[in-house]
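# Notes for the structure review
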Amino acid sequence: MGGKEQTYVDEAFKTNWIAPLGPHVNNFETDLCDYTGASYAAALSSGTAALHLALIMLDLKPGDYVICQGMTFSASANPIVYQDAIPIFVDSEPETWNMNPEHLERAIKSCIEGNPNTQNAKLPKAIIPVHLYGMPSKMDEITAIANKYGIPVIEDAAESLGSSYLGKHTGIAGKMGILSFNGNKIITTSGGGALISDDEALISKSRFLATQARDPAVHYQHSEIGYNYRMSNVLAGIGRGQMEVLPERIKQRRANFNRYKIWFEKWNVAGFDIRFQEEDSEMFSNRWLTAILVDPAKNNGLTSEIIRLALDEENIEARPLWKPMHLQPVFEEYPFFGDGTSERLFDHGLCLPSGSNLTDEDFARIFEVLGAVLKDFSK
Ligand SMILES: *Cc1c(COP(=O)(O)O)cnc(C)c1O
């Protein structure tokens, strides 16, 4: 927390707007639209709920195909399976670590043709690219392919609030976008999410579905299955306060990245080859997490796991990248189109400490451990 969160929460208590809905929810939605450039937003209970509703509104039925980035957190794919639909996983490309447009098109063609991987020939109902660790996907190429085949895009922008590509905020290049305010994200409402879109009908439908799909009648009347997915007014109050500190959070996260980058560059000059996710000139990443790739073949045998264990020994937490979905026991039966890039990212990758509140002393401790490990592996 950092801004006026407490003030907004107190206001909710004072005015007795504790029930779901209320003025903070409306204002938080307006804040999200102003910030992202989306025309409409629905504040929901989580990013997962937002993605689930997005898929329901695209009429996702059992056996339908949805193409999903494989290198991601499981929440990008779970809602596909909630609908008994079939996720088709697509590999990443090496610069952004996000959906590879070439493999995307291969996957679409396979769905349309119905080859042994994808038995029933039909057009996928949606494409879900992810902006991993805040890095924008190559949305111009992805939307061009999606438009060529007439497939709607739902952007998973759960990790990329504040990131943009070609001057456009992530989440607004496709038909719908989802945001997350879970506890681990760049800003948080403790738990929460949002659906954003330029299509007013979709956003009002999502609000209807998220509040148990009550028909407009004085009694309780339902013609559709609904969900309890709306954000509460108390949490939206936290969200309003967090929106005020978001620019500062992005600055802090990007400063973390630059600090790591400059520090590792010195070691790279001395013979190492530690790599990062690369922004091109049209990309702006919120740098939610700073992650590195350590290929042992190019780093004198040093691995990301050796670094992780050395940090762990000093009680400093670092974690492997998301394990790709096609390698997960729960998803391994589903089709995958790729070339080994995400396996390699998973094998070589490590998320470094990236909190917005890292101090100079924290960095001194981190660099002391990292420096000792790199020294051991210097030629
Ligand atoms: C966090 C996250 C989600 C899910 O958001 P929740 O609000 O936790 O449900 C979806 N996709 C990605 C890539 C995420 O990191």
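Quick note: structure is the one above.
Residues numbered from 1 in each chain as written. Predicted model: local features only at pLDDT ≥ 70, side-chain atom pairs only at ≥ 80, totals over all residues. Heavy atoms only, no water.

A word on the packing of aromatic side chains. Applying the stated criterion across every chain, the model contains 17 aromatic pairs. Each ring, one from Phe73 and one from Trp322, has its centre 4.8 Å from the other, and the planes form 35°; the classification is tilted. Here Trp322 lies in the loop between α9 (304-313) and β13 (336-337) and Phe73 lies in the loop between β2 (65-69) and α4 (78-82), a separation of 249 residues in the sequence. Judged by relative accessible area, which is 37%, Phe73 ranks as partly exposed. Considering the side-chain rings of Phe264 and Phe276, the 6.1 Å spacing of their centres and the 65° angle between planes classify their relative orientation as edge-to-face. Linking Phe264 in helix α8 (residues 233-269) with Phe276 in strand β10 (residues 274-276), this pair joins segments that are 12 residues apart in sequence. Residue Phe264 shares its accessibility class with Phe276, and that shared class is buried. The cationic tip of Arg287 hangs over the ring face of Phe257; the distance from NZ or CZ to the ring centre is 3.4 Å. (Phe/Tyr/Trp six-rings, centres within 6.5 Å; stacked < 30°, edge-to-face > 60°. Helix = DSSP H or I, 4+ residues; strand = E, 2+ residues; numbered from the N terminus. Buried < 20%, exposed > 50% of the residue type's maximum accessible area, 1.4 Å probe, protein only. Lys NZ or Arg CZ within 6 Å of the ring centre and 35° of its normal.)

This paragraph deals with the site of the ligand. Close to the ligand lie 15 residues; Thr48, Asp156, Glu159, Ser180 and Lys185 are nearest. Here an oxygen atom of the ligand and a side-chain polar atom of Ser180 are 2.7 Å apart. With the chains in place, 94% of the 370 Å² that the ligand exposes on its own is no longer accessible. A per-class count over the shell around the ligand returns 4 nonpolar, 8 polar and 3 charged. (Near = heavy atom within 4 Å. Polar contact = N/O pair within 3.5 Å; in protein donor to acceptor, adjacent residues only side chain to side chain. Areas by Shrake-Rupley, 256 points an atom, 1.4 Å probe, with all protein chains shown as cover. Nonpolar A, V, L, I, M, F, W, Y, C, P; charged D, E, K, R; others polar.)

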